[in-house]
Amino acid sequence: MTQEERINSIVDYMKLNRKISMEDICTLYEVSYDTARRDLVKMEADGLIVRVRGGAILSTMTKSVSSYKDRLTEAGSKRTIAMTAASLIRDGEHVMLDTGTTTQYVAEFMSTTENVVVTNSIDVAGVLCDKPQIAIHLLGGMLNAWHRYAFGPRTVEMLNDIRVDKLFLGTCGLTSEGLFTPTEEEAYLKREMIKRANQVIMLADSAKFDKSLYHRVCSFDAIDLLITDVNPPAPFDKLLQDHNIEVIIASPLPK
(Lines give C-alpha, C1' and ligand atoms only; values in the text may rest on other atoms or scores of the structure.)
Protein backbone atom coordinates (compact mmCIF):
# COMPACT_ATOMS: atom_id res chain seq x y z
CA MET A 1 0.00 0.00 0.00
CA THR A 2 1.37 3.42 -0.99
CA GLN A 3 1.39 6.36 1.38
CA GLU A 4 -1.38 8.04 -0.63
CA GLU A 5 -3.58 4.93 -0.41
CA ARG A 6 -2.85 4.62 3.30
CA ILE A 7 -3.72 8.28 3.94
CA ASN A 8 -7.03 7.93 2.08
CA SER A 9 -7.81 4.88 4.19
CA ILE A 10 -6.86 6.72 7.41
CA VAL A 11 -9.21 9.59 6.49
CA ASP A 12 -12.06 7.10 5.91
CA TYR A 13 -11.32 5.52 9.29
CA MET A 14 -11.35 8.90 11.03
CA LYS A 15 -14.64 9.93 9.45
CA LEU A 16 -16.18 7.00 11.32
CA ASN A 17 -14.15 7.18 14.54
CA ARG A 18 -13.27 10.91 14.72
CA LYS A 19 -9.68 10.17 15.79
CA ILE A 20 -6.82 7.71 15.34
CA SER A 21 -3.77 6.82 17.42
CA MET A 22 -0.25 6.02 16.26
CA GLU A 23 -0.78 2.48 17.55
CA ASP A 24 -3.97 2.18 15.45
CA ILE A 25 -2.06 3.11 12.29
CA CYS A 26 0.74 0.68 13.04
CA THR A 27 -1.71 -2.16 13.71
CA LEU A 28 -4.19 -1.49 10.92
CA TYR A 29 -1.60 -0.96 8.19
CA GLU A 30 1.28 -3.05 9.53
CA VAL A 31 3.75 -0.18 9.37
CA SER A 32 6.42 1.12 11.71
CA TYR A 33 5.99 3.94 14.19
CA ASP A 34 8.18 6.18 12.02
CA THR A 35 6.02 5.49 8.95
CA ALA A 36 2.87 6.27 10.93
CA ARG A 37 4.43 9.54 12.12
CA ARG A 38 5.40 10.52 8.56
CA ASP A 39 1.82 9.84 7.41
CA LEU A 40 0.42 12.13 10.11
CA VAL A 41 2.99 14.84 9.36
CA LYS A 42 1.95 14.85 5.69
CA MET A 43 -1.75 14.78 6.57
CA GLU A 44 -1.30 17.75 8.87
CA ALA A 45 0.63 19.66 6.18
CA ASP A 46 -2.27 18.98 3.78
CA GLY A 47 -4.77 20.34 6.32
CA LEU A 48 -6.54 17.00 6.76
CA ILE A 49 -5.91 16.48 10.47
CA VAL A 50 -4.79 18.11 13.68
CA ARG A 51 -2.04 16.19 15.45
CA VAL A 52 -2.59 15.57 19.14
CA ARG A 53 -0.63 13.65 21.74
CA GLY A 54 -0.38 10.03 20.58
CA GLY A 55 -2.29 10.47 17.32
CA ALA A 56 -4.61 12.82 15.45
CA ILE A 57 -8.15 14.13 15.09
CA LEU A 58 -9.91 15.28 11.94
CA SER A 59 -9.50 18.94 11.08
CA THR A 60 -12.83 20.80 11.01
CA MET A 61 -11.40 24.28 10.51
CA THR A 62 -11.85 25.69 7.00
CA LYS A 63 -9.92 28.85 6.18
CA SER A 64 -11.26 29.53 2.71
CA VAL A 65 -14.53 29.33 0.83
CA SER A 66 -14.76 28.99 -2.93
CA SER A 67 -16.28 31.78 -5.00
CA TYR A 68 -20.03 32.12 -5.41
CA LYS A 69 -19.88 31.11 -9.06
CA ASP A 70 -17.88 27.97 -8.22
CA ARG A 71 -20.34 27.01 -5.47
CA LEU A 72 -23.24 27.50 -7.85
CA THR A 73 -22.01 24.52 -9.89
CA GLU A 74 -22.40 22.23 -6.84
CA ALA A 75 -26.13 22.10 -7.32
CA GLY A 76 -27.44 18.61 -6.49
CA SER A 77 -28.37 18.51 -2.81
CA LYS A 78 -28.69 22.30 -2.61
CA ARG A 79 -31.52 22.31 -5.15
CA THR A 80 -33.22 19.48 -3.26
CA ILE A 81 -33.06 21.47 -0.02
CA ALA A 82 -34.16 24.66 -1.78
CA MET A 83 -37.27 23.07 -3.31
CA THR A 84 -38.35 21.83 0.12
CA ALA A 85 -37.67 25.27 1.61
CA ALA A 86 -39.71 27.04 -1.07
CA SER A 87 -42.66 24.74 -0.36
CA LEU A 88 -42.87 26.22 3.16
CA ILE A 89 -43.53 29.74 1.86
CA ARG A 90 -47.19 30.80 1.82
CA ASP A 91 -48.93 33.44 -0.27
CA GLY A 92 -48.62 36.89 1.24
CA GLU A 93 -45.77 36.08 3.63
CA HIS A 94 -42.85 38.43 4.18
CA VAL A 95 -39.66 36.42 3.74
CA MET A 96 -35.95 37.13 4.14
CA LEU A 97 -33.48 35.22 1.98
CA ASP A 98 -29.91 35.23 3.23
CA THR A 99 -27.16 35.33 0.63
CA GLY A 100 -25.95 31.99 -0.76
CA THR A 101 -26.33 29.54 -3.58
CA THR A 102 -28.98 27.48 -1.78
CA THR A 103 -31.11 30.54 -1.07
CA GLN A 104 -30.77 31.53 -4.74
CA TYR A 105 -32.34 28.19 -5.60
CA VAL A 106 -35.11 28.91 -3.07
CA ALA A 107 -35.87 32.08 -5.04
CA GLU A 108 -35.94 30.07 -8.27
CA PHE A 109 -38.43 27.58 -6.82
CA MET A 110 -40.76 30.20 -5.33
CA SER A 111 -44.21 30.03 -6.92
CA THR A 112 -46.32 31.91 -4.38
CA THR A 113 -47.89 35.35 -4.84
CA GLU A 114 -48.11 38.64 -2.96
CA ASN A 115 -44.86 37.99 -1.09
CA VAL A 116 -42.33 40.57 0.04
CA VAL A 117 -38.77 39.23 -0.10
CA VAL A 118 -35.92 40.99 1.71
CA THR A 119 -32.38 40.02 0.67
CA ASN A 120 -28.82 41.29 0.56
CA SER A 121 -27.98 38.97 -2.36
CA ILE A 122 -27.78 40.52 -5.81
CA ASP A 123 -28.34 37.09 -7.37
CA VAL A 124 -31.47 36.34 -5.32
CA ALA A 125 -32.82 39.76 -6.32
CA GLY A 126 -31.95 39.06 -9.96
CA VAL A 127 -33.87 35.77 -9.95
CA LEU A 128 -36.91 37.39 -8.35
CA CYS A 129 -36.96 40.13 -10.99
CA ASP A 130 -38.60 37.54 -13.26
CA LYS A 131 -41.42 36.99 -10.73
CA PRO A 132 -43.62 40.12 -10.91
CA GLN A 133 -45.95 38.74 -8.22
CA ILE A 134 -43.16 39.18 -5.65
CA ALA A 135 -42.02 42.54 -4.24
CA ILE A 136 -38.24 42.76 -3.72
CA HIS A 137 -36.56 44.75 -0.94
CA LEU A 138 -32.85 44.76 -1.77
CA LEU A 139 -30.59 45.73 1.12
CA GLY A 140 -27.79 48.11 0.17
CA GLY A 141 -24.27 48.65 1.43
CA MET A 142 -20.75 47.62 0.49
CA LEU A 143 -20.62 44.92 -2.19
CA ASN A 144 -18.62 41.76 -1.63
CA ALA A 145 -17.96 40.82 -5.26
CA TRP A 146 -16.46 37.40 -4.42
CA HIS A 147 -19.62 36.25 -2.60
CA ARG A 148 -22.02 38.69 -4.32
CA TYR A 149 -23.77 40.24 -1.34
CA ALA A 150 -24.15 43.64 0.33
CA PHE A 151 -22.83 44.15 3.84
CA GLY A 152 -21.76 46.82 6.30
CA PRO A 153 -23.33 49.44 8.60
CA ARG A 154 -25.76 50.66 5.94
CA THR A 155 -27.05 47.11 5.40
CA VAL A 156 -27.66 46.64 9.13
CA GLU A 157 -29.32 50.06 9.36
CA MET A 158 -31.80 49.06 6.65
CA LEU A 159 -32.71 45.96 8.67
CA ASN A 160 -33.57 47.94 11.80
CA ASP A 161 -37.22 48.60 10.89
CA ILE A 162 -37.92 45.29 9.13
CA ARG A 163 -39.85 42.30 10.46
CA VAL A 164 -40.47 39.13 8.43
CA ASP A 165 -42.39 35.88 8.88
CA LYS A 166 -39.55 33.60 7.84
CA LEU A 167 -35.79 33.83 7.40
CA PHE A 168 -34.04 31.24 5.23
CA LEU A 169 -30.50 31.19 6.54
CA GLY A 170 -27.49 29.68 4.83
CA THR A 171 -24.31 28.59 6.58
CA CYS A 172 -20.77 27.64 5.59
CA GLY A 173 -20.21 25.33 8.54
CA LEU A 174 -21.87 23.63 11.50
CA THR A 175 -20.30 22.28 14.68
CA SER A 176 -21.70 21.48 18.11
CA GLU A 177 -21.08 25.17 18.94
CA GLY A 178 -23.44 26.41 16.21
CA LEU A 179 -23.24 28.07 12.79
CA PHE A 180 -20.02 29.45 11.30
CA THR A 181 -19.07 31.77 8.47
CA PRO A 182 -15.72 33.00 7.05
CA THR A 183 -15.93 36.67 8.06
CA GLU A 184 -16.94 38.74 11.06
CA GLU A 185 -19.06 41.15 9.03
CA GLU A 186 -21.10 38.32 7.48
CA ALA A 187 -21.61 36.71 10.89
CA TYR A 188 -22.80 40.00 12.36
CA LEU A 189 -25.22 40.59 9.48
CA LYS A 190 -26.70 37.10 9.80
CA ARG A 191 -27.24 37.72 13.53
CA GLU A 192 -29.15 40.89 12.73
CA MET A 193 -31.29 39.00 10.21
CA ILE A 194 -32.11 36.38 12.85
CA LYS A 195 -33.41 39.11 15.18
CA ARG A 196 -35.87 40.29 12.51
CA ALA A 197 -37.59 36.93 11.82
CA ASN A 198 -40.49 35.16 13.53
CA GLN A 199 -39.13 31.82 12.30
CA VAL A 200 -35.50 31.01 11.44
CA ILE A 201 -35.04 28.18 8.93
CA MET A 202 -31.50 26.92 8.43
CA LEU A 203 -30.49 25.36 5.11
CA ALA A 204 -27.48 23.05 5.37
CA ASP A 205 -26.38 20.19 3.14
CA SER A 206 -24.36 17.28 4.50
CA ALA A 207 -21.02 18.92 3.58
CA LYS A 208 -21.61 21.63 6.20
CA PHE A 209 -21.68 19.30 9.24
CA ASP A 210 -18.52 19.17 11.38
CA LYS A 211 -17.09 22.16 9.54
CA SER A 212 -15.83 25.22 11.41
CA LEU A 213 -14.76 28.60 10.05
CA TYR A 214 -13.34 31.80 11.48
CA HIS A 215 -16.42 33.38 13.01
CA ARG A 216 -19.45 31.94 14.79
CA VAL A 217 -22.86 33.29 13.82
CA CYS A 218 -25.01 31.85 16.59
CA SER A 219 -25.75 28.78 18.66
CA PHE A 220 -28.56 26.34 17.93
CA ASP A 221 -30.80 28.33 20.30
CA ALA A 222 -31.46 30.77 17.45
CA ILE A 223 -32.73 28.13 14.99
CA ASP A 224 -36.31 26.88 14.69
CA LEU A 225 -36.09 24.48 11.77
CA LEU A 226 -33.33 22.73 9.79
CA ILE A 227 -33.69 21.52 6.22
CA THR A 228 -30.93 19.16 5.10
CA ASP A 229 -30.38 16.28 2.70
CA VAL A 230 -29.30 13.57 5.18
CA ASN A 231 -30.07 12.44 8.69
CA PRO A 232 -27.82 14.63 10.87
CA PRO A 233 -24.83 12.68 12.22
CA ALA A 234 -24.00 12.34 15.90
CA PRO A 235 -23.77 14.49 17.97
CA PHE A 236 -26.00 16.79 15.90
CA ASP A 237 -29.07 14.57 16.16
CA LYS A 238 -29.09 14.93 19.95
CA LEU A 239 -28.21 18.64 19.84
CA LEU A 240 -31.12 19.34 17.54
CA GLN A 241 -33.49 17.40 19.78
CA ASP A 242 -32.22 19.17 22.89
CA HIS A 243 -32.89 22.56 21.27
CA ASN A 244 -36.33 21.49 19.95
CA ILE A 245 -35.29 22.14 16.35
CA GLU A 246 -37.55 20.53 13.80
CA VAL A 247 -35.62 18.66 11.10
CA ILE A 248 -36.85 18.12 7.55
CA ILE A 249 -34.92 15.73 5.29
CA ALA A 250 -35.42 16.99 1.74
CA SER A 251 -36.69 14.44 -0.75
CA PRO A 252 -34.65 13.97 -3.95
CA LEU A 253 -35.80 16.00 -6.93
CA PRO A 254 -37.95 14.12 -9.46
CA LYS A 255 -36.02 12.98 -12.51
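I will try to describe carefully the structure that is included in this document.

Conventions adopted
- Residues numbered from 1 in each chain as written.
- Predicted model: local features only at pLDDT ≥ 70, side-chain atom pairs only at ≥ 80, totals over all residues.
- Heavy atoms only, no water.
- Pairing = 2+ DSSP bridges.
- Helix = DSSP H or I, 4+ residues; strand = E, 2+ residues; numbered from the N terminus.
- Right-handed = clockwise from strand over helix to strand, strands pointing away.
- Phe/Tyr/Trp six-rings, centres within 6.5 Å; stacked < 30°, edge-to-face > 60°.
- Buried < 20%, exposed > 50% of the residue type's maximum accessible area, 1.4 Å probe, protein only.
- Axes fitted to C-alpha atoms, helices over the stretch in contact; angles between N-to-C directions.
- Parallel < 35°, antiparallel > 145°, perpendicular 65-115°, else oblique.
- Contact = heavy atoms within 4.5 Å.
- Nonpolar A, V, L, I, M, F, W, Y, C, P; charged D, E, K, R; others polar.
- Polar contact = N/O pair within 3.5 Å; in protein donor to acceptor, adjacent residues only side chain to side chain.

## Re the pairing of strand 6 (residues 134–138)
In the case of a regular strand, side chains alternate between the two sheet surfaces.
Next, step 1: Relative to strand 6, strand 5 (residues 115–119) runs parallel, the two being bridged by 5 bridges. Across the sheet, the residue bridging to Thr-119 is Leu-138, located in strand 6.
Next, step 2: Taken together, strand 5, helix 7 (residues 122–128) and strand 6 constitute a β-α-β crossover, and its handedness is right-handed.

## Considerations on the packing of aromatic side chains
Next, step 1: According to the stated counting rule, one finds 3 aromatic pairs in the structure shown.
Next, step 2: Between Tyr-149 and Phe-151 the ring centres are 5.9 Å apart and the planes differ by 65 degrees, which places this aromatic pair in the edge-to-face class.
Next, step 3: With 5.1 Å between their ring centres and 65 degrees between their planes, Phe-209 and Phe-236 make a pair best called edge-to-face. Of this pair, Phe-209 sits in the loop between strand 12 (197–203) and strand 13 (215–218) while Phe-236 is found in helix 10 (residues 236–242), placing the two residues 27 residues apart along the sequence.
Next, step 4: Under the relative-accessibility criterion, Phe-209 is labelled buried at 9%.

## A few points about the packing of helix 1 (residues 3–17) against helix 3 (residues 33–45)
Next, step 1: Between helix 1 and helix 3, the least distance of the axes is 11 Å, while the angle of their chain directions is 75 degrees. Considering their axes alone, helix 1 and helix 3 lie roughly perpendicular with respect to each other. Taken together, the residues of helix 3 that come into contact with helix 1 (itself represented by Gln-3, Arg-6, Ile-7, Ile-10, Val-11 and Met-14) are Thr-35, Arg-38, Asp-39, Lys-42 and Met-43.
Next, step 2: Residues belonging to the contact of helix 1 with helix 3 are distributed by class as follows: 5 nonpolar, 2 polar and 4 charged.

## With respect to the side chain of Thr-101
Next, step 1: For Thr-101, the location among the structural elements is in helix 6 (residues 101–109).
Next, step 2: Accessibility expressed as a relative area gives 3% for Thr-101, which makes it buried.
Next, step 3: Within the structure, the side chain of Thr-101 is placed 3.0 Å from the side chain of Lys-78, a separation counted as a polar contact.

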